[in-house]
Amino acid sequence: MVRFRYLLTLALAAGISLAACAASKVRLVYGKDWSRAGRALKTTLTSSAFKTAAKGRYVVELVEESGNKAVEGNLGSWKLPCVFLISEAGNCYLVMDNVPHDASAERLVSLFNRADAIRVAAEKGGLATADACGEFLQKMERYVGGPRRVVSKGFFENVFEKLKKLDPQDETGWQRHFTLGLELDKHTKADGLELVIKANEFREKGQMTDGQSFIDNEKKKPRQHLSKEQLQGILMAQFALYREDASKAEEMDRILLKVAEYDETTLWGSAALGWLNLRNKPPLSVYWGWHKGDFTGSRFTQTVKYGVGQAFPKAGKYTIRFANESGSPVKFESVTLMAGKVAVKTLKNPSCDLGAYTFEFDLTREYRGKITSMIVKGDAPATGDSSGKIAIARSVLRPRKEVK
């Protein structure tokens, strides 16, 4: 359901006008005997409502799975029911996993149309150079499930083969974007997991010199088109090799912070924050609050970043609560909510109850999901252990009307 809505949002946000094109194939892979959602989607895709909405753009193909093995036509998804949108040339350009049973014909066709328009527009850009091929594949990977899948058989393997011919030495770095770690594991997502596993193996065998040589070799390869998650994976491989080396503890902590700085919401960003907490070095965050030394000086200005981006997903009324948990309490005077470098609003005059400072904030639709950090000002004790928790909550209940 989440992936379906995500893909729909991507498609609708693209704002690309539709163009007449050859009919694509809509392949539904489902379990006839065990999947209620699959049976419902079959009914939808074979309905007159779908045919009317599709206007001849799509030919529906139904593929049944028994549930105990993959069958011909399933392009690598186990999250059934799954829909694949395949061009006349045989390239799959949209994958929808776990499609909900109540997806209407109109919503499905709207998504198909937009995805098809995106593909057509990308192809019209031409594929005459290595950069053009790489940019096209990168654009399509978000619709099919990642860099490794987009260049595989049934997707855009032909474009990738052309890329390799145009740039056999990978001087552009595009090949590495789609094949990071491929020589180690052909079945992972090209997010760097293979590198981390290999680094772990070197550490476990005590082969530290070989492990460092392995990582150094990876760092020498082109990096200009690697995603944030891929760059994080290379850094996490370095951490995996030395995470038990006490002489490199501070260096490893810095690596973990760098990984989290790239993007805390990825697999590696979340892992880095978790490791920092396990190593008793949790950064100032919504997740773990503040600890001794995070707020220092009689007057402080400090930024809370980690966890803030996930705390304001929707419009509505929010409370931001700083609760002291030590004998040396911090006083909080103001909170400025930031959307990148833009100051959205500064909150002052918090309510105070038993050492807890609470600010209230009405988030408008304009900034939903866009708050990235909080700049906090106040007074910290000169001595003593100061620590506490940060809680951000959205009110979901309407005020109850008084009965007269």
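Residues numbered from 1 in each chain as written. Predicted model: local features only at pLDDT ≥ 70, side-chain atom pairs only at ≥ 80, totals over all residues. Heavy atoms only, no water.

We now examine the sheet that holds strand β9 (residues 351-353). Read from one edge of the open sheet, four strands run β9-β10-β6-β12, paired in antiparallel fashion. Two strands in the sheet have a free side with no partner beyond their single neighbour: β9 and β12 (388-394). Within this sheet the neighbouring strands show an average axis-to-axis angle of 20°, counted without direction. (Pairing = 2+ DSSP bridges. Helix = DSSP H or I, 4+ residues; strand = E, 2+ residues; numbered from the N terminus. Axes fitted to C-alpha atoms, helices over the stretch in contact; angles between N-to-C directions.)

Here the focus is the packing of helix α12 (residues 249-262) against helix α13 (residues 267-278). The geometry of α12 relative to α13 is characterised by a closest axis approach of 8 Å and an angle of 145° between their N-to-C directions. The handedness of the crossing between α12 and α13 is left-handed. Packed against α12, whose contacting residues are Asp253, Leu256, Leu257, Val259 and Ala260, the element α13 presents Trp268, Gly269, Ala272, Leu273, Trp275 and Leu276 at the interface. Taken together, the residues of the contact of α12 with α13 sort by class into nine nonpolar, one polar and one charged. (Left-handed = near helix turned anticlockwise from the far one by under 90°. Contact = heavy atoms within 4.5 Å. Nonpolar A, V, L, I, M, F, W, Y, C, P; charged D, E, K, R; others polar.)

It is worth spelling out unusual backbone geometry at this point. Generally, phi is negative for residues other than glycine and the peptide bonds are trans, each holding for most cases. Of the consecutive residues Leu80 and Pro81, the connecting peptide bond is found in the cis state with omega at -5°. In this structure, Pro81 sits in the loop between β2 (58-64) and β3 (82-86).

This part covers the state of the cysteines. Here the structure, examined in full by the defined rule, presents zero disulfides. With no disulfide of its own, Cys92 lies 8.0 Å from the sulfur of Cys82, the closest cysteine sulfur. With no disulfide partner, Cys133 has as its closest neighbouring cysteine sulfur the one in Cys92, 19 Å distant. Look at Cys133 and you get buried, because its relative accessible area is 0%. (Disulfide = S-S within 2.5 Å. Buried < 20%, exposed > 50% of the residue type's maximum accessible area, 1.4 Å probe, protein only.)

Within a pair of aromatic rings, the relevant descriptors are the distance that separates the centres and the angle that separates the planes. What the rule picks out here adds up to 19 aromatic pairs. A centroid spacing of 4.9 Å and a plane angle of 55° characterise the contact between Phe312 and Tyr318, whose relative ring orientation is tilted. Tyr318 matches Phe312 in its accessibility class, with the two residues each being buried. Here the aromatic residues Trp290, Phe295, Phe300, Phe322, Phe332, Tyr357 and Phe359 are joined through ring pairs into a cluster of three or more. Over the face of the ring belonging to Tyr93 we find Arg119, whose NZ or CZ atom lies 4.5 Å from the ring centre. Lys248 extends its terminal NZ or CZ atom over the ring of Tyr242, reaching a point 4.8 Å from the ring centre. (Phe/Tyr/Trp six-rings, centres within 6.5 Å; stacked < 30°, edge-to-face > 60°. Lys NZ or Arg CZ within 6 Å of the ring centre and 35° of its normal.)

Ranked by internal contacts, the top residues of the largest apolar core, which has 48 residues, are Leu94, Phe112 and Leu137. A per-element tally of this core places helix α4 (residues 105-124) first, with eight residues. Membership of the second largest hydrophobic core comes to 28 residues, among which are Leu226, Met252, Trp268 and Ala272. (Core = buried A, V, L, I, M, F, W, Y, C linked by side-chain atoms within 4.5 Å.)

Before going further, it helps to examine the pattern of salt bridges. One pass over the structure, following the stated rule, counts 20 salt bridges. As a salt-bridge pair, Lys25 and Glu61 come within 3.5 Å of each other at their nearest N and O atoms. Taken together, the positions of Lys25 in strand β1 (residues 24-30) and Glu61 in strand β2 put the pair 36 residues apart, joining distant regions of the chain. Given a relative accessible area of 32%, Lys25 falls into the partly exposed group. A salt bridge links Glu201 to Lys198; its shortest N-O distance comes to 3.9 Å. Within this pair, Glu201 and its partner Lys198 are both found in helix α9 (residues 193-204), separated by three residues, close to a single helical turn. Residue Glu201 is classed as partly exposed on the basis of its relative accessible area of 33%. Residue Lys198 is classed as partly exposed on the basis of its relative accessible area of 28%. (Salt bridge = Lys/Arg side-chain N within 4 Å of Asp/Glu carboxyl O.)

Turning our attention to the packing of α9 against helix α11 (residues 228-242). Axis separation between α9 and α11 bottoms out at 8 Å; the angle between their running directions is 15°. Considered as vectors, α9 and α11 are oriented roughly parallel to each other. As for the relative orientation of α9 and α11, their crossing is right-handed in sense. Counted together, Leu195, Val196, Ala199, Asn200, Phe202 and Arg203 of α9 and Gly233, Ile234, Met236, Ala237, Ala240 and Leu241 of α11 form the full contact between these two elements. (Parallel < 35°, antiparallel > 145°, perpendicular 65-115°, else oblique.)

The four strands are arranged β5-β11-β7-β8 in an open sheet whose pairing can be described as antiparallel. The open sheet is flanked by β5 (300-304) and β8 (342-348), the only strands paired with a single partner. Each strand of the sheet is rotated relative to its neighbour by a mean of 20°, with strand direction disregarded. In this structure, β5 lies alongside strand β11 (residues 373-379), joined through five bridges in antiparallel fashion. Across the sheet, residue Thr301 finds its bridge partner in β11, namely Lys377.

In this fold, Thr319 is placed in strand β6 (residues 316-324). The spatial distance from the C-alpha of Thr319 to the C-alpha of Tyr357 is 10 Å, given a sequence separation of 38 residues. Residues in contact with Thr319, not counting those within four places in the same chain, are Thr358, Phe359, Glu360, Ala391, Ile392 and Ala393.

This part is about helix α7 (residues 157-166). Of the positions making up α7, those classed as buried are Val159, Phe160 and Leu163. With its buried residues spanning 100° around the axis, α7 presents them on a single face. On the buried face of α7, the contacting elements are α5 (130-144) and α8 (174-179). (Arc of directions from axis to C-beta.)

With 90% of its residues at a pLDDT of 70 or more, the protein has an overall mean of 89. The low-confidence segment residues 6-21, where pLDDT is below 50, has 27 contacts with residues more than four positions distant or belonging to other chains. (pLDDT = per-residue confidence, 0-100.)

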